[in-house]
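# Survey of secondary and tertiary structure
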Amino acid sequence: KAGVTQTPRYLIKTRGQQVTLSCSPISGHRSVSWYQQTPGQGLQFLFEYFSETQRNKGNFPGRFSGRQFSNSRSEMNVSTLELGDSALYLCASSFKRDSPEQFFGPGTRLTVL
Amino acid sequence: GNSVTQMEGPVTLSEEAFLTINCTYTATGYPSLFWYVQYPGEGLQLLLKATKADDKGSNKGFEATYRKETTSFHLEKGSVQVSDSAVYFCALSNAGGTSYGKLTFGQGTILTVHP
(Lines give C-alpha, C1' and ligand atoms only; values in the text may rest on other atoms or scores of the structure.)
Protein backbone atom coordinates (compact mmCIF):
# COMPACT_ATOMS: atom_id res chain seq x y z
CA LYS A 1 0.00 0.00 0.00
CA ALA A 2 1.45 3.35 -1.00
CA GLY A 3 2.28 5.79 1.75
CA VAL A 4 1.28 9.40 2.19
CA THR A 5 2.50 11.54 -0.68
CA GLN A 6 3.05 15.27 -0.68
CA THR A 7 3.72 17.61 -3.56
CA PRO A 8 5.78 19.52 -4.22
CA ARG A 9 8.70 18.43 -2.07
CA TYR A 10 10.43 21.79 -2.25
CA LEU A 11 9.11 25.26 -2.88
CA ILE A 12 10.64 28.73 -2.91
CA LYS A 13 8.38 31.76 -2.73
CA THR A 14 8.75 35.44 -1.96
CA ARG A 15 7.01 37.46 0.71
CA GLY A 16 3.45 38.37 -0.13
CA GLN A 17 2.87 35.46 -2.49
CA GLN A 18 0.54 32.60 -1.77
CA VAL A 19 1.20 28.88 -1.95
CA THR A 20 -0.81 25.67 -2.18
CA LEU A 21 0.51 22.36 -0.92
CA SER A 22 -1.03 18.99 -1.72
CA CYS A 23 -1.35 15.77 0.24
CA SER A 24 -2.63 12.36 -0.85
CA PRO A 25 -3.38 10.08 2.11
CA ILE A 26 -2.92 6.35 2.30
CA SER A 27 -5.67 4.59 0.37
CA GLY A 28 -8.71 4.14 2.61
CA HIS A 29 -7.63 6.75 5.12
CA ARG A 30 -10.21 9.46 5.63
CA SER A 31 -8.60 11.78 8.14
CA VAL A 32 -5.83 14.18 7.13
CA SER A 33 -3.91 16.38 9.54
CA TRP A 34 -1.37 19.08 8.76
CA TYR A 35 1.62 20.18 10.85
CA GLN A 36 4.26 22.88 10.59
CA GLN A 37 7.79 22.00 11.68
CA THR A 38 10.34 24.72 12.44
CA PRO A 39 13.59 24.64 14.44
CA GLY A 40 12.26 27.20 16.89
CA GLN A 41 8.68 26.04 17.47
CA GLY A 42 9.01 22.34 16.74
CA LEU A 43 5.99 20.46 15.43
CA GLN A 44 2.76 22.40 15.59
CA PHE A 45 -0.71 21.25 14.58
CA LEU A 46 -2.39 23.28 11.85
CA PHE A 47 -5.71 21.56 11.20
CA GLU A 48 -7.46 18.26 10.61
CA TYR A 49 -10.00 17.26 7.99
CA PHE A 50 -12.37 14.33 7.94
CA SER A 51 -14.95 13.68 5.23
CA GLU A 52 -14.30 17.07 3.66
CA THR A 53 -14.96 18.92 6.91
CA GLN A 54 -12.44 20.73 9.09
CA ARG A 55 -12.87 19.20 12.53
CA ASN A 56 -10.04 20.80 14.42
CA LYS A 57 -7.79 23.79 14.02
CA GLY A 58 -4.57 24.85 15.69
CA ASN A 59 -3.52 28.31 16.72
CA PHE A 60 -2.49 29.76 13.37
CA PRO A 61 -3.65 32.95 11.66
CA GLY A 62 -6.38 32.92 9.06
CA ARG A 63 -3.77 33.09 6.29
CA PHE A 64 -3.47 29.35 6.75
CA SER A 65 -6.37 27.42 5.30
CA GLY A 66 -7.10 24.02 3.92
CA ARG A 67 -9.63 21.80 2.33
CA GLN A 68 -10.30 18.15 1.68
CA PHE A 69 -11.80 16.59 -1.40
CA SER A 70 -14.21 13.70 -1.73
CA ASN A 71 -11.32 11.32 -2.47
CA SER A 72 -9.72 12.39 0.86
CA ARG A 73 -6.89 14.26 -0.84
CA SER A 74 -6.16 17.51 0.96
CA GLU A 75 -4.63 20.86 0.16
CA MET A 76 -3.41 23.62 2.39
CA ASN A 77 -3.01 27.21 1.34
CA VAL A 78 -0.96 29.98 2.84
CA SER A 79 -1.72 33.47 1.62
CA THR A 80 0.40 36.60 1.96
CA LEU A 81 3.52 34.66 2.83
CA GLU A 82 5.83 35.92 5.55
CA LEU A 83 9.47 35.04 6.18
CA GLY A 84 8.39 33.17 9.30
CA ASP A 85 6.29 30.78 7.23
CA SER A 86 9.47 29.07 6.07
CA ALA A 87 9.13 25.56 7.41
CA LEU A 88 8.64 21.90 6.67
CA TYR A 89 4.92 21.24 6.24
CA LEU A 90 3.92 17.70 7.08
CA CYS A 91 0.73 15.93 6.24
CA ALA A 92 -0.45 12.84 8.10
CA SER A 93 -3.34 10.48 7.50
CA SER A 94 -5.24 8.06 9.66
CA PHE A 95 -7.94 5.53 8.98
CA LYS A 96 -10.72 7.20 10.89
CA ARG A 97 -11.26 10.38 12.73
CA ASP A 98 -10.48 9.12 16.21
CA SER A 99 -7.80 6.64 15.23
CA PRO A 100 -4.74 7.48 17.32
CA GLU A 101 -2.12 6.45 14.77
CA GLN A 102 -1.09 8.92 12.14
CA PHE A 103 1.15 8.17 9.18
CA PHE A 104 3.24 10.97 7.81
CA GLY A 105 4.32 12.01 4.37
CA PRO A 106 7.83 13.24 3.53
CA GLY A 107 6.81 16.88 3.84
CA THR A 108 7.04 19.98 1.69
CA ARG A 109 9.97 22.26 2.44
CA LEU A 110 8.79 25.86 1.95
CA THR A 111 11.32 28.66 1.81
CA VAL A 112 10.06 32.24 1.82
CA LEU A 113 12.54 34.86 0.60
CA GLY B 1 -4.12 21.34 27.83
CA ASN B 2 -1.94 18.51 26.63
CA SER B 3 1.83 18.75 26.69
CA VAL B 4 4.86 16.52 26.21
CA THR B 5 8.33 17.08 27.64
CA GLN B 6 11.39 15.26 26.36
CA MET B 7 14.86 15.15 27.80
CA GLU B 8 17.23 17.78 26.53
CA GLY B 9 19.50 16.73 23.72
CA PRO B 10 21.53 16.14 21.78
CA VAL B 11 22.46 12.64 22.87
CA THR B 12 25.74 11.20 21.63
CA LEU B 13 26.53 7.51 22.12
CA SER B 14 28.97 4.91 20.93
CA GLU B 15 27.70 1.94 18.97
CA GLU B 16 26.27 -0.84 21.17
CA ALA B 17 25.64 1.56 24.08
CA PHE B 18 22.35 1.59 25.98
CA LEU B 19 19.88 4.32 25.06
CA THR B 20 17.27 6.04 27.19
CA ILE B 21 15.31 9.09 26.09
CA ASN B 22 12.97 10.38 28.76
CA CYS B 23 9.45 11.54 27.98
CA THR B 24 6.78 12.78 30.36
CA TYR B 25 3.35 14.08 29.53
CA THR B 26 0.43 16.09 30.84
CA ALA B 27 -3.03 15.20 29.62
CA THR B 28 -6.55 14.64 30.78
CA GLY B 29 -8.15 11.25 30.47
CA TYR B 30 -6.36 8.37 28.82
CA PRO B 31 -4.15 9.48 25.95
CA SER B 32 -2.42 7.23 23.46
CA LEU B 33 1.36 7.63 23.40
CA PHE B 34 3.81 7.37 20.52
CA TRP B 35 7.42 7.58 19.57
CA TYR B 36 8.19 8.85 16.10
CA VAL B 37 11.59 8.99 14.40
CA GLN B 38 12.74 11.45 11.75
CA TYR B 39 15.75 10.80 9.55
CA PRO B 40 17.44 13.70 7.75
CA GLY B 41 15.34 15.08 4.94
CA GLU B 42 12.39 12.83 5.67
CA GLY B 43 9.02 12.91 7.35
CA LEU B 44 8.15 11.21 10.62
CA GLN B 45 7.98 7.45 10.93
CA LEU B 46 5.94 5.79 13.64
CA LEU B 47 8.39 3.81 15.77
CA LEU B 48 6.08 2.41 18.44
CA LYS B 49 2.88 3.11 20.30
CA ALA B 50 0.94 2.31 23.48
CA THR B 51 -2.74 2.99 23.91
CA LYS B 52 -3.38 2.20 27.56
CA ALA B 53 -1.62 2.14 30.91
CA ASP B 54 1.07 -0.54 31.35
CA ASP B 55 1.14 -1.29 27.62
CA LYS B 56 4.63 -1.83 26.24
CA GLY B 57 5.27 -0.75 22.68
CA SER B 58 8.22 -2.28 20.87
CA ASN B 59 9.76 -2.20 17.42
CA LYS B 60 13.25 -2.69 15.94
CA GLY B 61 14.76 -3.26 19.38
CA PHE B 62 13.22 -0.09 20.84
CA GLU B 63 10.80 -0.30 23.76
CA ALA B 64 8.67 2.08 25.79
CA THR B 65 6.19 1.40 28.59
CA TYR B 66 3.11 3.56 29.27
CA ARG B 67 3.38 4.49 32.97
CA LYS B 68 0.28 6.35 34.04
CA GLU B 69 1.39 6.68 37.65
CA THR B 70 4.48 8.65 36.60
CA THR B 71 2.95 10.04 33.37
CA SER B 72 5.97 8.78 31.46
CA PHE B 73 6.80 6.93 28.24
CA HIS B 74 10.58 6.60 28.17
CA LEU B 75 12.24 5.17 25.05
CA GLU B 76 14.93 2.52 25.51
CA LYS B 77 17.17 0.39 23.34
CA GLY B 78 19.71 -2.05 24.63
CA SER B 79 22.32 -1.66 21.90
CA VAL B 80 22.23 1.26 19.49
CA GLN B 81 23.61 1.24 15.95
CA VAL B 82 24.97 4.00 13.78
CA SER B 83 21.82 3.68 11.68
CA ASP B 84 19.73 4.75 14.72
CA SER B 85 21.10 8.29 14.41
CA ALA B 86 18.03 10.46 13.94
CA VAL B 87 15.65 12.80 15.76
CA TYR B 88 13.18 11.11 18.11
CA PHE B 89 9.83 12.63 19.03
CA CYS B 90 7.50 11.61 21.81
CA ALA B 91 3.85 12.40 21.11
CA LEU B 92 0.39 11.95 22.52
CA SER B 93 -3.10 11.78 21.12
CA ASN B 94 -6.11 12.48 23.28
CA ALA B 95 -9.23 11.59 21.36
CA GLY B 96 -12.31 13.71 21.68
CA GLY B 97 -13.28 17.33 21.85
CA THR B 98 -10.68 19.73 20.53
CA SER B 99 -8.07 16.98 20.27
CA TYR B 100 -9.43 15.22 17.22
CA GLY B 101 -6.75 14.51 14.67
CA LYS B 102 -4.13 16.31 16.73
CA LEU B 103 -0.84 14.90 17.92
CA THR B 104 0.97 16.89 20.58
CA PHE B 105 4.75 16.52 20.24
CA GLY B 106 7.72 16.94 22.46
CA GLN B 107 10.57 19.10 21.25
CA GLY B 108 12.54 16.19 19.82
CA THR B 109 15.83 14.62 20.84
CA ILE B 110 18.73 14.41 18.42
CA LEU B 111 20.57 11.10 18.72
CA THR B 112 24.00 10.62 17.19
CA VAL B 113 25.66 7.22 17.35
CA HIS B 114 29.39 6.93 16.60
CA PRO B 115 31.10 3.73 15.39
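One can find the structure itself at the top, above this paragraph.
Residues numbered from 1 in each chain as written. Chains lettered and ligands numbered in written order. Predicted model: local features only at pLDDT ≥ 70, side-chain atom pairs only at ≥ 80, totals over all residues. Heavy atoms only, no water.

Quick look at the environment of Leu88(A) now. Turning to its location among the elements, Leu88(A) is positioned in strand E9 (residues 87–94). C-alpha separation for the pair Leu88(A) and Phe45(A), spaced 43 residues apart in sequence, amounts to 12 Å. The residues touching Leu88(A), leaving out its near neighbours within four places in the chain, are Tyr35(A), Gln36(A), Gln37(A), Pro106(A), Gly107(A), Thr108(A), Arg109(A), Gln38(B) and Glu42(B). (Helix = DSSP H or I, 4+ residues; strand = E, 2+ residues; numbered from the N terminus. Contact = heavy atoms within 4.5 Å.)

Below, the discussion takes up the interface of chain A and chain B. At the interface, 19 residues of chain A touch 21 residues of chain B. When chain A packs against chain B, close to 1,600 Å² is buried across both sides, 58% of that on carbon and sulfur atoms. On the chain A side of the interface with chain B, the three residues burying the most area are Leu43(A), Pro100(A) and Phe104(A), jointly 31% of the side's total. In this assembly, chain A and chain B are joined by 1 salt bridge. On inspection of chain A and its partner chain B, the count reaches 8 residue pairs in polar contact (both at pLDDT 80 or more). Per-class residue counts for the side of chain A that touches chain B are 9 nonpolar, 5 polar and 5 charged. (Buried area = accessible area lost by both parts, 1.4 Å probe. Salt bridge = Lys/Arg side-chain N within 4 Å of Asp/Glu carboxyl O. Polar contact = N/O pair within 3.5 Å; in protein donor to acceptor, adjacent residues only side chain to side chain. Nonpolar A, V, L, I, M, F, W, Y, C, P; charged D, E, K, R; others polar.)

Here the focus is the packing of aromatic side chains. This model, assessed by the stated rule, comprises 12 aromatic pairs over all chains. With 5.7 Å between their ring centres and 85° between their planes, Tyr35(A) and Phe105(B) make a pair best called edge-to-face. In this pair, Tyr35(A) sits in strand E4 (residues 31–38) while Phe105(B) sits in strand E11 (residues 103–105), so the two residues belong to two different chains. The pair formed by Tyr35(A) and Phe105(B) is uniform in burial state, with each residue classed as buried. Between Phe47(A) and Tyr49(A) the ring centres are 5.7 Å apart and the planes differ by 70°, which places this aromatic pair in the edge-to-face class. An aromatic cluster is built from Tyr35(A), Phe45(A), Phe104(A), Phe34(B), Tyr36(B), Phe89(B) and Phe105(B), whose rings are joined through pairwise contacts. (Phe/Tyr/Trp six-rings, centres within 6.5 Å; stacked < 30°, edge-to-face > 60°. Buried < 20%, exposed > 50% of the residue type's maximum accessible area, 1.4 Å probe, protein only.)

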